[in-house]
Amino acid sequence: MTGQAKPVLYGMRARVLRPWPVVRRDASRLISGNPEVWEVFVVGDGVPRSRPVRPNMPLVLLYVVAGDIVTRPADRCPPDRNGYMASGAYVVHSSCYEDWIGFFGHSLPIPLHDYMDRRRDAR
């Protein structure tokens with residue numbers, strides 16, 4: 001077979017809101033610690049398919065923690081880390097306002113859990 005086309009992934013475009021300026025990369029915050037990342041795509045089951053995902057854009061998934069909806073990176077957490085935790089950053093609609101309102105019922109930011117704490121038993 002020659003040149004199979006990659007499937008196009010769709011999601012909602014969102015901005016990353018940080019409570020601090022990021023001037024250099026912070027490896028413990030996968031998305032919010034990268035000064036080059038300003039937008040992400042919210043993807044997953046049930047998320048409106050409003051925009052095609054741009055190549056090399058970070059993807060975040062929705063999940064529920066203690067009854068609240070939060071986002072986390074779509075990438076698996078490295079095995080030397082405890083998992084994704086709250087980082088103090090948020091994602092909010094970028095150009096998908098109507099889809100965001102229709103899906104969440106509000107225009108408020110959603111917490112971004114992208115902080116990775118190193119495991120004590122990891123070397």
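Residues numbered from 1 in each chain as written. Predicted model: local features only at pLDDT ≥ 70, side-chain atom pairs only at ≥ 80, totals over all residues. Heavy atoms only, no water.

**Remarks on the nonpolar core**
If you look at the biggest cluster of nonpolar residues, it comprises 16 residues, and the most contacted ones within it are Met12, Ile31, Val40, Val42, Val91, Trp100 and Leu112. Of all elements in the fold, only strand S1 (10–17), strand S2 (39–43), strand S7 (89–93), helix H1 (97–104) and strand S8 (110–112) reach the threshold of two or more residues within this core. In terms of residue count, S1 provides more of this core than any other element does, three residues in total. Once you skip the residues sitting within four places of it in the chain, Leu112 turns out to touch Val16, Ile31, Ser32, Val60, Thr71, Met85, Ala86, Ser87, Ala89, Tyr90 and Val91. (Core = buried A, V, L, I, M, F, W, Y, C linked by side-chain atoms within 4.5 Å. Buried < 20%, exposed > 50% of the residue type's maximum accessible area, 1.4 Å probe, protein only. Helix = DSSP H or I, 4+ residues; strand = E, 2+ residues; numbered from the N terminus. Contact = heavy atoms within 4.5 Å.)

**With respect to the pattern of salt bridges**
Pairing between side chains of opposite charge can happen when their charged atoms approach one another. For the coordinates displayed, the defined rule picks out five salt bridges. One salt bridge connects Arg13 with Glu39, and the closest N-O pair in it is separated by 3.2 Å. Within this pair, whereas Arg13 is found in strand S1, its partner Glu39 is found in strand S2, the two being separated by 26 residues in sequence. According to the relative accessible area criterion, Glu39 is buried, its value standing at 18%. (Salt bridge = Lys/Arg side-chain N within 4 Å of Asp/Glu carboxyl O.)

**Observations concerning the environment of Ala74**
The residue Ala74 is located in the loop between strand S5 (68–73) and strand S6 (81–85) in this model. The exposure class of Ala74 is partly exposed, given its relative accessible area of 29%. Separated by 30 residues in sequence, Ala74 and Gly44 place their C-alpha atoms 9.1 Å apart. Apart from residues no more than four positions distant in its own chain, Ala74 is found in contact with Leu59, Val60 and Leu61.

**With respect to unusual backbone geometry**
Here Asn56, not a glycine, exhibits a phi torsion of approximately 65°, which is positive. With respect to the helices and strands, Asn56 occurs in the loop between strand S3 (51–52) and strand S4 (59–65). We classify Asn56 as exposed; its relative accessible area is 82%. Within the chain, Ala66 stands out as a residue other than glycine whose phi angle is a positive 50°. For Ala66, a relative accessible area of 78% puts it in the exposed group.

Everything listed here is a matter of geometry and, on its own, says nothing about what the molecule does.
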